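So the chains spell out like this:
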Protein chains: 2
Amino acid sequence: MTTAPQRRRRYRDETIEDILRIAREMMRKEGVAALSFNAIARTLGMQPPSLYNYFDSKNAIYDELFRRGFQDFARQMAERSGQDGPPGENMRSAMETYMRFAQENQDLYQLMFQRPVPDFVPSEASMAVSLGALQAAQMQFVNALHSEDLDIEIPVEQALDLFIAFQHGLTELHLANNPELPVGEGRFGKLIPAAVQMILDAWQKV
Amino acid sequence: MTTAPQRRRRYRDETIEDILRIAREMMRKEGVAALSFNAIARTLGMQPPSLYNYFDSKNAIYDELFRRGFQDFARQMAERSGQDGPPGENMRSAMETYMRFAQENQDLYQLMFQRPVPDFVPSEASMAVSLGALQAAQMQFVNALHSEDLDIEIPVEQALDLFIAFQHGLTELHLANNPELPVGEGRFGKLIPAAVQMILDAWQKV
DNA sequence: GTCTATAACGCGATAGAC
DNA sequence: GTCTATCGCGTTATAGAC
């Protein structure tokens, strides 16, 4: 794919990064479940068994990508600090960050939030990372909701779940319909402002 | 799985139904992508190559399930006629029908609305069925929106897409969190009334 | 010890001859 | 319907090279 099919005797960590990079390329081009352990080896100029020096199994590669995906996700959600601003600004920013991560990392997003590989089960360590990241993201959404000074008649957890579902649905449909378009464009990618407005209209103090 | 592993000399159509039934069982138990052509044959008491007398390939089985899935989906959405009622009743009914189909046919739903098998591409005939079904479902949602006599400030197509995204997000998250619970129960499965209320609050005439 | 190779196993989908 | 065979897959065992 990217690396010349010649033998390589480099540093271990670099090889590991190469493997993960090639794996992501393949997942993007052929689909997450179409990742081939053998093909990664061949792309690196190795015989398939040699790849076992770097990863114990094909699922170990999935696992590392899963773990790193949630780390990146948590980092990006955290960097988008909850700056105040006009009504809805904080919600809009949170939704956009979520959708942008999905659009720019469609391979990881599938692996993280869907379950396209039946026999891949994340390791306990990776599951812990993912739970932490999801909780951190949830706090971002809680803050985004609170900062809007809303008047919600239902339990706050339900309001949060409605927000999450709305955002998740927009994201999934954007990826299904216009995966190549950035957030803000495309049939569903452009609807975040309208969704925020709808939430404000429904819940804003009167 | 269900059928005894004995030879069978029955009618062709019955065998085809058996194959599809067994395939659905496997997809439900092991995941859509884990369907095994060989295992279907063995369950039927056949040698794998014999199965080619009924389906040209493994993907042909997927294709038939995909096509039938959209037929059932369209039928169920159509049967839920747009009866009038209290505000929100029609929207609630449409959302529930959609989510119920997904919950009761999780194997088909994955095959139809996600793309868990990278090298399965629906045939043109099946794609036509799916497009027709999706358009019919869309009309149901349009009717549900119109029957509510709403005051929407955005283009009606955008309102429709927001509705679809909301519903899709709730459904996906219900299946991810409480796949065993029927519509109406579970963290997200119980939120349809709240979602409808939110839509009414945002869009209802004042 | 670390990296590589070759050989081989069991499984999958599938094609062809009977 | 069968049996045989091909090919690719993930994986293991084993042995040689740095």
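Quick caveat, the model's predicted, so the values are computed rather than measured.

(A) Focus on the relation of the copies chain B and chain A. Of the transformation placing chain B onto chain A, the axial shift is 0.0 Å and the rotation is 180°, giving an RMSD of 0.0 Å. Taken together, the turn and the small shift mark the pair as related by a two-fold rotation axis. Looking at the interface residues of chain B, 97% of them are also at the interface in chain A, so both copies use one shared face.

(B) Examining the packing of helix H4 (residues 89-104) of chain A against helix H6 (residues 124-146) of chain A more closely. Residues and elements named next belong to chain A. One way to put it is that H4 packs onto H6 with a least axis distance of 8 Å and a crossing angle of 155°. Of the possible angle classes, the one that applies to H4 and H6 is roughly antiparallel. Here H4 runs over H6; the crossing is left-handed. Mapping the contact onto sequence places Asn90, Met91, Ala94 and Tyr98 in H4 and Phe141, Asn143, Ala144 and Leu145 in H6. Here the residues of the contact of H4 with H6 are counted per class, giving six nonpolar, two polar and no charged.

(C) Broad picture of H6 of chain A. All names here are of chain A. In this model, H6 (23 residues) spans 33 Å end to end at C-alpha, consistent with the 33 Å of a helix rising 1.5 Å per residue. Buried residues of H6: Ser126, Ser130, Ala133, Ala137, Gln140, Phe141, Ala144 and Leu145, and no others. The inward-facing, buried residues of H6 contact helix H3 (58-79), H4, helix H7 (156-177) and helix H8 (192-203).

(D) Here's a closer look at helix H6 (residues 124-146) of chain B. Within the sequence span of H6 of chain B, burial applies to Ser126, Ser130, Ala133, Ala137, Gln140, Phe141, Val142, Ala144 and Leu145 of chain B. If you follow the buried residues of H6 of chain B, they end up packed against helix H3 (58-79), helix H4 (89-104), helix H7 (156-177) and helix H8 (192-203) of chain B.

(E) Seen up close, unusual backbone geometry. Residue and element names in this part refer to chain A. You will see that Asp149, though not glycine, has its phi angle at about 55°, which is positive. Summarising the element assignment, Asp149 is placed in the loop between H6 and H7. What makes Asp149 partly exposed here is its relative accessible area of 48%.

Rules used throughout
- Residues numbered from 1 in each chain as written.
- Chains lettered and ligands numbered in written order.
- Predicted model: local features only at pLDDT ≥ 70, side-chain atom pairs only at ≥ 80, totals over all residues.
- Heavy atoms only, no water.
- Least-squares fit on C-alpha atoms with pLDDT ≥ 70 in both.
- Contact = heavy atoms within 4.5 Å.
- Axes fitted to C-alpha atoms, helices over the stretch in contact; angles between N-to-C directions.
- Helix = DSSP H or I, 4+ residues; strand = E, 2+ residues; numbered from the N terminus.
- Parallel < 35°, antiparallel > 145°, perpendicular 65-115°, else oblique.
- Left-handed = near helix turned anticlockwise from the far one by under 90°.
- Nonpolar A, V, L, I, M, F, W, Y, C, P; charged D, E, K, R; others polar.
- Expected span 1.5 Å × (residues − 1).
- Buried < 20%, exposed > 50% of the residue type's maximum accessible area, 1.4 Å probe, protein only.

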